[in-house]
Amino acid sequence: IEDSFDHWEDQRESNVEYLRTLEDDATDRQAMHEKFGVIRLGDLLNEWAFHDLGHVRQIAELVRAQRYYPNMGAFRTIYKISP
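Thresholds applied
- Residues numbered from 1 in each chain as written.
- Predicted model: local features only at pLDDT ≥ 70, side-chain atom pairs only at ≥ 80, totals over all residues.
- Heavy atoms only, no water.
- Helix = DSSP H or I, 4+ residues; strand = E, 2+ residues; numbered from the N terminus.
- Rg over C-alpha atoms; globule rule 2.2 N^0.38 Å.
- Buried < 20%, exposed > 50% of the residue type's maximum accessible area, 1.4 Å probe, protein only.
- Contact = heavy atoms within 4.5 Å.
- Areas by Shrake-Rupley, 256 points an atom, 1.4 Å probe, with all protein chains shown as cover.
- Lys, Arg positive; Asp, Glu negative; His and termini not counted.
- Charge placed at Lys NZ, Arg CZ, Asp CG, Glu CD.
- pLDDT = per-residue confidence, 0-100.
- Patch = residues over 30% accessible without salt bridge, like charges linked within 9 Å, V, L, I, M, F, W, Y side chains within 5 Å.
- Salt bridge = Lys/Arg side-chain N within 4 Å of Asp/Glu carboxyl O.
- Pairing = 2+ DSSP bridges.
- Expected span 1.5 Å × (residues − 1).

### Topic: the overall build of the chain
- In terms of helices and strands, the chain carries two helices and two strands.
- Listing the helices and strands of the chain from first to last along the sequence gives α-β-β-α.
- Over its C-alpha trace the chain gives a radius of gyration of 19 Å, far above what one expects of a compact globule, namely 12 Å for 83 residues.
- Seen along its three principal axes, the alpha-carbon backbone of the chain occupies a region of about 55 × 25 × 15 Å.
- In the chain, which comprises 83 residues, the proportion classed as buried is 11%.
- Sequence-distant contacts, at least 24 apart, represent 39% of the contacts inside the chain between residues at least 6 apart.
- Accessible surface computed for the chain: about 7,300 Å², of which carbon and sulfur atoms make up 53%.
- Across the chain, 10 positive and 16 negative side-chain charges occur, with their mean positions spaced 11 Å apart.

Following this line, the structure appears as structure tokens:
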């Protein structure tokens with residue numbers, strides 16, 4: 001769990017440091033995506049935040065499943081933990 005979170009945190013910090021170097025109007029930059037057509041950097045950054053929060057949820061699920069679930073006794077019968 002700690003290794004997963006540490007890796008995520010390191011990657012996120014590195015990305016945020018890079019984003020801070022961009023000019024203020026960088027979010028208006030456009031590119032052609034093979035599947036989605038024209039996308040702006042701002043669109044991509046919002047997708048990145050959405051995706052990033054998904055990883056936070058995954059890490060929280062690891063904590064739930066590994067740290068707390070095994071010690072819940074009979075209460076484990078009311079929860080389903082995916083492998």
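Following the structure, the description resumes.
### Notes on the side chain of Asp-52
- Within the secondary structure, Asp-52 is located in helix α2 (residues 41-68).
- Judged by its relative accessible area of 11%, Asp-52 falls in the buried class.
- Contacts of Asp-52, omitting those with residues within four sequence positions, involve Trp-8 and Arg-12.

### Side note on the confidence of the model for the chain
- In this model, the chain carries an average pLDDT of 90, and 98% of its residues clear a pLDDT of 70 or more.
- Confidence scores differ between elements of the chain, with helix α1 (residues 2-20) showing the lowest mean pLDDT of 87 and strand β2 (residues 37-40) the highest of 97.

### Brief notes about a negative patch on the surface
- Together, Glu-2, Asp-3, Asp-6, Glu-9, Asp-10, Glu-13 and Glu-17 line one region of the surface with negative charge.
- For Asp-10, the position within the fold is in helix α1.
- Given a relative accessible area of 51%, Asp-10 falls into the exposed group.

### Re the pairing of strand β1 (residues 30-33)
- Pairing geometry for β1 and β2, over four bridges, is antiparallel. Bridging across to β2, His-33 finds its partner in Gly-37.
- Linking β1 to β2, which pair antiparallel, is a turn of three residues.

### Thoughts on α2
- The end-to-end C-alpha distance of α2 is 40 Å, a good match for the 40 Å that 28 residues give at a rise of 1.5 Å each.
- Of all the residues in α2, the buried ones are Leu-41, Gly-42, Asp-52 and Ile-59.
- Residues of α2 that are buried make contact with α1 and β2.

### Topic: a nonpolar patch on the surface
- A surface patch of nonpolar side chains, about 370 Å² in accessible area, is lined by Phe-75, Ile-78 and Tyr-79.
- Tracing the sequence through the fold places Phe-75 in the segment after α2.

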